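Here's the letter readout for the chains.
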Amino acid sequence: MTQEEIFKAIVAHSKEYGFIFPSSEIYDGLAAVYDYGQMGVELKNNIKRYWWEAMTRLNENIVGLDSCIFMHPKVWVASGHVAAFNDPLIDNKDSKKRYRADNLIEDYLDKIQEKIDKEVAKGRKRFGESFDEAQFKATNPNVLREQNKWNEIHNRYVAAEQANDLKEYRNIIMDCDIVDPISGTKNWTDVRQFNLMFSTQMSNTGEGEDKIYLRPETAQGIFVEYLNVQKTGRMKLPFGIAQIGKAFRNEVVARQFIFRMREFEQMEMEFFCRPGTEMEWFKYWKEKRLKWHVNLGMGEENYKFHDHEKLAHYANAATDIYFNFPFGFKELEGIHSRTDYDLGNHQKLSGKKIQYFDPETGESYVPYCVETSIGVDRMFLAVLSHSYHEEKLENGETRVVLSIPAPLAPVKVAVLPLLNKDGLPEKAQEVVDEIKYDFNYQFDAKDSIGKRYRRQDAIGTPFCVTIDHDTLNDNQVTVRDRDTMEQVRVPIAELREMIDKKVNMRNLLRKL
Ligand code: GAP
C-alpha cells in the first residue's frame, strides 16, 4: 500500500468506527470542519488529559485557565493579527481553485527532496555496507543537479518570504512550471494576502464598532489574563499558564483531513520569565515537549525539530516539532520564544500597566515569554495514523488494529460472554460491576468471538475479557492482549489490577 492509500484507509476507518465524521454530512459536509464521534471524543479527551496533567499537575509553577473565544477587538490589533495574520494566496483561472502560494513552492521543494532521497536509497542498495552517504551526495551527478536546483529555489523562496515579496512568489511558481493539480495549467492570478481570522458581529463592544473575531489562537486569552492570574495566584516568575480551547482560522485547505481545519483545538502554555533567561527556558521546553511525545512510545525516529528560518516579528527563537505523518514529516507542535511582544503591546494599547515586580532584583519589568503550542486534532491524527495497522494473520485473514498507546485508548476493556445464554451474560455483568468505576468498557454479546475481537482491535481496545462456562466454576476469565493476541487465564479478583497496570495514565505521567 502506498502512503496515500494508507492515509485514505485511515480516513475511512475513522468514519466507519465512530472516530471522526465530516461535519453536517447530511448536507454534504462543510470543508475542513469535522465532528468527533463516540470513539473520537474519548481519544481526544485522553490526549487532552495527558497534556493537561503533564503541564499543570507535574509542574508546581504552571496553572490552568479557560478564557473565552470572543475577546475585545483591540486584542487582535495588539497581537498583530489584524495587520499580519495573512496567507499568500493564488488562484488558478482555469480550475477556479485557490491555493497557498507558499505551500505550492514547499510541495515542489519536497518533490525535489524525494528525488534526492530516492537516488541515495538506490546508491545504498548498490554499494551495500561500504556505502558512504556524504561522499555519494558530493559526487553523484543526479544528486548534485537536484540539490543545486533545490538550493536555488529554496534561497529565492526564503528571500521572498523575508521580504514579503508576493510578486517573487508568483515568479518562482512560473519559473518552476508549477501547475494546478486539477487543471494542469499555469494560468495563475497574482498572489494576494488573505487574512485568516473569521469575524462576526456583536452589538456592543464599547468601541462603537461591532466587528468581533473568533480567536485564531488561545494564547491571547492567556496574555490578557496574565495580571489577574499572577496577582490572584501570587505567582512568582518563572511561571506558566496553560489552556486548552477552540481556535478558528479561515484556512485554504486541500484534502488534509484534520491536519488543517477551520475550527480546531489548541493546547497552549505561555511560560513567563525574567528577560535574558528566555533562551534557557526555550531550550528547557524544547526538551520537555519532545520527551512528552517520545514517552508515548510512537518511535523517537518519528519526531524531529525544524527550526524556523524566518522568525515572526515577535519571536527571537522558534522551532517546530515535526511528526512523521503518512504524508511526510509535518509540523505537530510549535515552541516559540515570544519575548515581551504580547504583554508589551497589550500594555501599550490598553494603557494598563502589565509589569512584574521582581523581589530578587528590585526591578519592575514586562516579563518575557516562551510558548508551547500544539493542536489537539493534529496530535489525534499523529496517534491515529501511527496506530493504524493492517496485519496478515497466520490463518490467512487480515485484521485491522489500532495500537493506540493504552492510556489513550478510547475503550480500555471489552467484556465478552462467550455465549449469550447459560448464565454467561449474568456472570459477565458481575465482571462489569467489578471494573466499571475504573475503566471505560464495552459489553458485547453479539456474533462470534472472533468477530467481536476484530471489532475491538479496530477501535484499539487493549484488553478483551471472555467469560466462558469454566468461569462459572473457577471465577477465572480469559484475557486477550490486543497487540500480541496472547491469551491468559486470570482470576476475576486480579483483573482490575492487571488492566490498570497497562492503561492507567499515571504510568505515562510517572515516566516524564
Ligand atoms: N499561539 C501560537 C500558534 O498558534 P501556530 O504555529 O499557528 O502557533 C500552533 O499553531 C499549533 O496549532 C500548530 O503546531 C498545530 O498543531 C495547530 N494548528 C494550527 N493551525 C491549525 C489548523 N488549521 N488545524 C489544526 N491544527 C492547527
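Here the structure is a predicted model, which is why all the values come from computation and not from measurement.

A. Expanded view of the environment of Val229. When you line up the elements, Val229 lands in helix α10 (residues 226-232). For the pair formed by Val229 and Leu65, sequence separation is 164 residues and the distance between their alpha carbons is 8.6 Å. With near-sequence residues (within four places) excluded, Val229 lies in contact with Val63, Leu65, Arg234, Met235 and Ile241.

B. Region of interest: the domain arrangement of the chain. Considered domain by domain, the chain is made up of domain 1 (3-83 + 196-384), domain 2 (86-194) and domain 3 (399-509). Centre-to-centre separation of domain 2 and domain 3, based on C-alpha positions: 50 Å.

C. Quick look at the sheet that holds strand β11 (residues 303-307). The seven strands lie next to each other as β3-β9-β10-β16-β13-β12-β11, forming an open sheet whose pairing is mixed. A strand with exactly one partner marks an edge of an open sheet, and here the two such strands are β3 (62-65) and β11. Going across the sheet, the axis of each strand differs from the next one's by a mean of 25°, ignoring polarity. As paired strands, strand β9 (residues 239-248) and strand β10 (residues 263-273) are joined by 10 bridges and run antiparallel to one another. Across the sheet, the residue bridging to Gly240 is Phe271, located in β10. Contacting β9, β10, β12 (317-325), β13 (328-339) and β16 (368-375), helix α13 (residues 376-387) crosses the sheet at an angle of about 35° to β12.

D. Representation of the pattern of salt bridges within the structure. Counting across every chain of the model gives 45 salt bridges. Here Arg496 ties to Glu434 by a salt bridge, and the two come within 3.9 Å at their closest N and O atoms. Of this pair, Arg496 sits in helix α17 (residues 492-503) while Glu434 sits in helix α14 (residues 424-435), and the two are 62 residues apart along the sequence. Asp438 is the partner of Arg496 in a salt bridge, and the nearest nitrogen-oxygen pair spans 3.6 Å.

Basis of the calculations
- Residues numbered from 1 in each chain as written.
- Predicted model: local features only at pLDDT ≥ 70, side-chain atom pairs only at ≥ 80, totals over all residues.
- Heavy atoms only, no water.
- Helix = DSSP H or I, 4+ residues; strand = E, 2+ residues; numbered from the N terminus.
- Contact = heavy atoms within 4.5 Å.
- Domains from an automatic or database assignment.
- Pairing = 2+ DSSP bridges.
- Axes fitted to C-alpha atoms, helices over the stretch in contact; angles between N-to-C directions.
- Salt bridge = Lys/Arg side-chain N within 4 Å of Asp/Glu carboxyl O.

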